[in-house]
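Reading the structure
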Amino acid sequence: MTARQVLVWSPEREDRLRHVQLAERLQLPLNTEAEFPEDAWVLNFKTDGLYLQDHARGGVTVNIQPRPGEPRRIPGPKTGPLAQAIGRQSQTMIDATGGFGQDALALWRMGLTVTIIERQPLLFALLEDAVARLSQAYPHMPSPTLLFGDAMVLLPSLPPVDCVYLDPMFPPKRKSSALAKKPMQLLDTLLDGDPDKLELLAVALRCSAKRVVVKSPTWAKPLAGKPDLSLASKLLRFDVYLAKGENYV
């Protein structure tokens, strides 16, 4: 990612101010040409949100709508392996590996108080835009708290929560595996494979009030030895590490 230019692209005059402010805040160059700059990654506001784009793969944004199969009622029921892993009695959680925030937003829609930490500036900008859209769509609900920085530094300074959630990047299972979806390709490029996930897990295990949940593909080994509980779907597994004296509820 760092080998390619990153800029804010504002081809339309009507929405220029937001692009100018974003470029200044992220200290990125502003491009106002009508044609897409082919050799760069660009941030561009569209009618449905802020997009990170490149010429070859198109663009991605943070979706604030429920994913297929998820309840549309807010707050919705705490159902499925993710909710069970987080704990149906849990009320507060920190997603320490924000990314595109889809699991954190799913838990927010279930009624949890959610804090999202993201250290990558471009991903943080996408999440910040999503939280702003969320506050407009649901003005009577408290939006997730969004923090910029390294979770290994921030976690020890934050109040205890019911759960710390980790969704680190994992390498493909084998070379012949199907290509990851576009958002995951971009995440892998931005995060360079998430090389410090073991260190982050160690910090999370020291800081979580009740449990740490690690999301992984079903074929991957647990990050920290045998978990207290594992909950799996067809492709994903949630490994639960409980604090001393806690139960599975």
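Because the structure is predicted, anything quoted here is derived from the model rather than measured.

Here's the deal with the overall build of the protein
Scanning the protein for helices and strands turns up seven helices and 12 strands. A buried classification covers 46% of the 249 residues belonging to the protein. A sequence separation of at least 24 residues applies to 63% of the contacts in the protein between residues at least 6 apart. Carbon and sulfur atoms make up 54% of the accessible area of the protein, which amounts to about 13,200 Å² in all.

Examining the sheet that holds strand β8 (residues 145-148)
Pairing within the open sheet is mixed, and its seven strands lie in the order β8-β7-β6-β9-β10-β12-β11. In the strand order of this sheet, the two ends are held by β8 and β11 (229-232), each with one partner. Between one strand axis and the next, the sheet turns through 20° on average, direction left out of account. Relative to strand β10 (residues 211-217), strand β9 (residues 163-166) runs parallel, the two being bridged by four bridges. Across the sheet, Tyr165 pairs through a bridge with Val213, a residue of β10.

Digging into unusual backbone geometry
That bond from Ile74 to Pro75 is cis: its omega, -5°, falls within 30 degrees of zero. Summarising the element assignment, Pro75 is placed in the loop between β5 (58-60) and α2 (80-86). The phi dihedral of Gln27 is positive, around 55°, even though this residue is not glycine. Note that Gln27 resides in the loop between α1 (16-26) and β2 (30-31).

Some remarks on the pairing of strand β1 (residues 5-9)
The buried count for β1 comes to four of five residues, which makes it a mostly enclosed element. Two elements, β1 and strand β3 (residues 40-46), share four bridges in a ladder whose sense is parallel. Within β3, the residue paired with Gln5 across the bridge is Ala40. Pairing analysis gives two bridges linking β1 to β2, with the strands arranged parallel. Counterpart to Val8 in the pairing with β2 is Leu30. Handedness of the crossover joining β1 and β2 through α1 is recorded here as right-handed.

Description of the nonpolar core
In this structure, Leu43, Ile86, Val114, Leu126 and Val213 are the most contacted members of the largest nonpolar core, which totals 44 residues. For this core, the element with the most residues is helix α4 (residues 121-137), which contributes nine residues. Discounting residues that sit within four places of it in the chain, Val114 has contacts with Met93, Ala104, Leu107, Trp108, Pro144 and Thr145. Membership of the second largest hydrophobic core comes to 16 residues, among which are Ala151, Val212, Val214 and Tyr241.

Thoughts on a negative patch on the surface
A cluster of acidic residues, Glu33, Glu35, Glu38 and Asp39, forms a negative patch at the surface. Relative to the assigned elements, Asp39 resides in the loop between β2 and β3.

Focus on the pattern of salt bridges
For side chains of opposite charge, pairing can occur when their charged atoms come near one another. Taken as a whole and assessed by the stated rule, the structure comprises 11 salt bridges. The residue Asp103 makes a salt bridge to Arg67 at a minimum N-O spacing of 2.9 Å. In this pair, Asp103 sits in helix α3 (residues 102-109) while Arg67 sits in the loop between β5 and α2, placing the two residues 36 residues apart along the sequence. Notably, a salt bridge pairs Lys215 with Asp103, separated by 2.9 Å at the nearest N-O pair. Separated by 112 residues along the polypeptide, Lys215 in strand β10 and Asp103 in helix α3 bring together distant segments of the chain. Take Lys215 and Asp103: they sit in the same class, and that class is buried. Several salt bridges converge on common partners, so that one network encompasses Arg67, Glu70, Asp103, Arg109, Asp167 and Lys215.

Conventions adopted
Residues numbered from 1 in each chain as written. Predicted model: local features only at pLDDT ≥ 70, side-chain atom pairs only at ≥ 80, totals over all residues. Heavy atoms only, no water. Helix = DSSP H or I, 4+ residues; strand = E, 2+ residues; numbered from the N terminus. Buried < 20%, exposed > 50% of the residue type's maximum accessible area, 1.4 Å probe, protein only. Contact = heavy atoms within 4.5 Å. Areas by Shrake-Rupley, 256 points an atom, 1.4 Å probe, with all protein chains shown as cover. Pairing = 2+ DSSP bridges. Axes fitted to C-alpha atoms, helices over the stretch in contact; angles between N-to-C directions. Right-handed = clockwise from strand over helix to strand, strands pointing away. Core = buried A, V, L, I, M, F, W, Y, C linked by side-chain atoms within 4.5 Å. Patch = residues over 30% accessible without salt bridge, like charges linked within 9 Å, V, L, I, M, F, W, Y side chains within 5 Å. Salt bridge = Lys/Arg side-chain N within 4 Å of Asp/Glu carboxyl O. Lys, Arg positive; Asp, Glu negative; His and termini not counted. Charge placed at Lys NZ, Arg CZ, Asp CG, Glu CD.

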